[in-house]
Amino acid sequence: MGEQTQVQAKPETQTPPQPQPNSDSTLVSNSPVDLPPNPSNPSKIPIRPQKIRKLSSLPSSKTPQITASSATPASTKSRRKSTPKSSSRVLPQIIKPLSADGEIDNALLHLRSADPLLGSLIDTLPVPQFESHNSPFLALSKSILYQQLAYKAGTSIYTRFVSLCGGEDAVCPDIVLSLSAQQLKQIGVSGRKASYLYDLANKYKNGILCDDALVKMDDKSLFTMLSMVKGIGSWSVHMFMIFSLHWPDVLPVSDLGVRKGVQLLYGLEELPRPSQMEQLCEKWRPYRSAGAWYMWRFVEGKGTPTTAAAAIDAGNVQPLQQIQTGQETQQHQLQLLEPINGIGNLGIFMKEKRAGLELK
């Protein structure tokens, strides 16, 4: 009996285990013995999935926003890039010369719709013609010969120059260089213009200029190359572009006839400046050459002497800003003579000289 009591006493002593008052019995019974004394492990288990969820949720929520935002500028950039490509494809159609088939009709249709005032003027004037096909060297030589001369005087000198060279087809740099200054003087070419012709011919002979290269140049290159020739300025280059190359969009802002025509067309009080010409004639693009042609004819119809407008019919254009009419020269002479007439015998001398009398 004593042994039984000892056996029963052992379970009584083992029944109250020590871990019961400290923590849950299920955790202690199911986990190893080493886990209970370490309190950090159970706290990390619930925190780690929260951190993982936060990290995984951030890129997942931001990635669609980045892709959506990056897609919109890409589409806009592609649209912006596509628009200049379409406009650049249209440019070669505008560069057609005015002598091409149908280009005059396209120019008149555009000018009528873009500028009603010019459209009403177009209906009263003939259709412009751009049919001259002279070589660039001949056209530049002609522009030099016509400088500062009236149309009739320039035509007379040009006709003698062509016959001296042996015809228009024979006018070339070698022929011009073979002519002496005395020969050119006999046909009415001044020494200054003769030096211009020699400089043009030398630049052709040295390879600086040639007809094939001039035809293929753009406007900036053409200005740069032709401005190297003595006697050729911006006005001569503009005339060469319009009446030799037949470029459709050239506005000679320094030409007096075109400026005067714009003044009359829009009823301006003063002659427009070159900067104002660009703004006023912007609506004529891309056919400003045809608009300039109508300005010359418009001024001619108003009775203002325009040698350039008269020369257009024959393919010759003169710099109006350098030509004075007969009335203007007489007025300038009278203004100069008025103070001289008050000086005794000198005034009588000038009067008699003007009358064609000689003093003895």
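Note on numbering: residues in each chain are counted from 1, in written sequence order. Local features in a predicted model are, by the rule used here, given only for residues with pLDDT of at least 70; side-chain atom pairs are given and counted only at 80 or more, and totals for whole chains, interfaces and linings are based on all residues. Each side-chain value is worked out from all heavy atoms of the structure, with water and hydrogens disregarded.

Per an unreviewed UniProt entry, the recorded name for the protein is Alkylbase DNA glycosidase-like protein mag2 isoform X2, and the organism is Nicotiana tabacum.

A. Summary view of the overall build of the protein. Secondary structure elements are defined from DSSP: runs of H or I of at least 4 residues count as helices, runs of E of at least 2 residues count as strands, and each element is numbered from the N terminus. Summing up its helical and strand segments, the protein has 19 helices and 0 strands in all. Only protein chains enter the accessibility calculation, which uses a 1.4 Å probe; a residue whose area is less than 20% of its type maximum is buried, one above 50% is exposed, and one in between is partly exposed. The proportion of buried residues among the 360 residues of the protein is 31%. Sequence separation of at least 24 residues holds for 59% of the intrachain contacts in the protein that already meet a minimum separation of 6. Surface exposure here means Shrake-Rupley accessible area, sampled with a 1.4 Å probe, where a residue is shielded only by the protein chains that are shown. Here the protein has roughly 22,400 Å² of accessible surface; of this, 56% comes from carbon and sulfur atoms. Any two residues whose heavy atoms approach within 4.5 Å at even a single point are treated as in contact.

B. Representation of unusual backbone geometry within the structure. In this structure, P286 follows R285 across a cis peptide bond, with omega equal to 0°. With respect to the helices, strands and loops of the structure, P286 is situated in the loop between α15 (274-280) and α16 (288-301). Of note in the backbone geometry, H246 takes a positive phi value of approximately 60° without being a glycine. Mapped onto the elements, H246 comes out in the loop between α13 (234-243) and α14 (256-266). Among the residues examined, H246 registers a relative accessible area of 2% and is labelled buried.

C. Local environment of the packing of aromatic side chains. In summary, the pairing rule links any two rings of Phe, Tyr or Trp, Trp by its six-membered ring, whose centres are within 6.5 Å, and it sorts them by plane angle into stacked for under 30 degrees, edge-to-face for over 60 and tilted for everything else. Scanning all chains against the criterion turns up 5 aromatic pairs. Ring centres of F137 and Y204 lie 4.9 Å apart, and the angle between their planes is 75°; on these two criteria the pair is classed as edge-to-face. Here F137 is found in helix α6 (residues 136-145), whereas its partner Y204 is found in helix α10 (residues 191-205), with 67 residues between them in sequence. In this structure, F137 and Y204 share a single accessibility class: buried. Taken together through their ring pairs, the aromatic side chains of F130, F243 and W296 make up a single cluster.

D. Highlighting the nonpolar core. What is meant by a nonpolar core is a set of buried Ala, Val, Leu, Ile, Met, Phe, Trp, Tyr and Cys residues, joined one to another through side-chain atoms within 4.5 Å. Membership of the largest hydrophobic core comes to 68 residues, with the highest contact counts inside it found for L118, F161, L222, L226 and W284. F161 has contacts with L145, V171, V176, L179, L184, I187 and L197, leaving out every residue within four places of it along the chain.

E. Broad picture of the packing of α6 against helix α7 (residues 151-165). All axes are obtained by fitting lines to C-alpha atoms, using only the stretch in contact for helices, and the reported angles, taken between N-to-C directions, cover 0 to 180 degrees. It is the contact of α6 with α7, at a shortest axis distance of 9 Å, that shows an interaxial angle of 135°. Between α6 and α7, the crossing angle belongs to the class labelled oblique. Classified by chirality, the crossing of α7 by α6 is right-handed. In this structure, α6 contributes L138, K142 and L145 to the contact, and α7 contributes I157, Y158 and F161. Split into classes, the residues belonging to the contact of α6 with α7 amount to 5 nonpolar, no polar and 1 charged. Small angles under 35 degrees read as roughly parallel and large ones over 145 as roughly antiparallel, with 65 to 115 read as roughly perpendicular and the rest as oblique. A crossing counts as left-handed when the near helix is turned anticlockwise from the far one by less than a right angle, and as right-handed when that turn is clockwise. Any residue that is not Ala, Val, Leu, Ile, Met, Phe, Trp, Tyr, Cys, Pro, Asp, Glu, Lys or Arg is counted as polar, Gly included; the first ten are nonpolar and the last four charged.

F. Structural detail: the confidence of the model for the protein. Confidence of the predictor at the level of single residues is given by pLDDT, which spans 0 to 100. Of all residues in the protein, 58% attain a pLDDT of 70 or more, and the chain-wide mean is 73. Within the protein, helix α18 (residues 326-341) has the poorest average pLDDT of any element, 35, and α10 the best, 97. Note on residues 83-88: pLDDT is under 50 here. Beyond four places in sequence and across chains, it has 0 contacts. Segment residues 305-360 is flagged for pLDDT under 50; beyond a separation of four residues in sequence, or across chains, it makes 73 contacts in the model.

G. Local environment of the packing of α14 against α16. It is at 8 Å that the axes of α14 and α16 come closest, and there the two elements cross at 75°. Put simply, α14 runs roughly perpendicular to α16. Taking contact as the criterion, the partners of G257, V258, K260, G261, V262, L264 and L265 in α14 are, on α16, A292, M295, W296, F298 and V299. Taken together, the residues of the contact of α14 with α16 break down into 9 nonpolar, 2 polar and 1 charged.

H. Examining the pattern of salt bridges more closely. Any carboxyl oxygen of Asp or Glu within 4 Å of a side-chain nitrogen of Lys or Arg constitutes a salt bridge here. This model, assessed by the stated rule, comprises 7 salt bridges. Two residues, E300 and R297, come together in a salt bridge whose shortest N-O distance is 3.0 Å. Here R297 and E300 lie together in helix α16, a separation of 3 residues that amounts to about one turn. Within this structure, D249, E278, E282, R285 and R288 form a network of salt bridges that share partners.

I. Looking closely at helix α12 (residues 219-226). Taken as a whole, α12 has its buried residues at L222, M225 and L226. An end-on view of α12 places all buried positions within 85° of arc, on one side of the element. Buried residues in α12 make contact with α6, α11 (211-216) and α13. This arc corresponds to the set of directions leading from the helix axis out to the C-beta atoms.

J. Structural context of α6. Within α6, 10 of the 10 residues are buried, leaving the element largely enclosed by the surrounding structure. Buried within α6 we find P136, F137, L138, A139, L140, S141, K142, S143, I144 and L145. Contact partners of the buried residues in α6: α7, α8 (173-178), α10, α11, α12 and α13.

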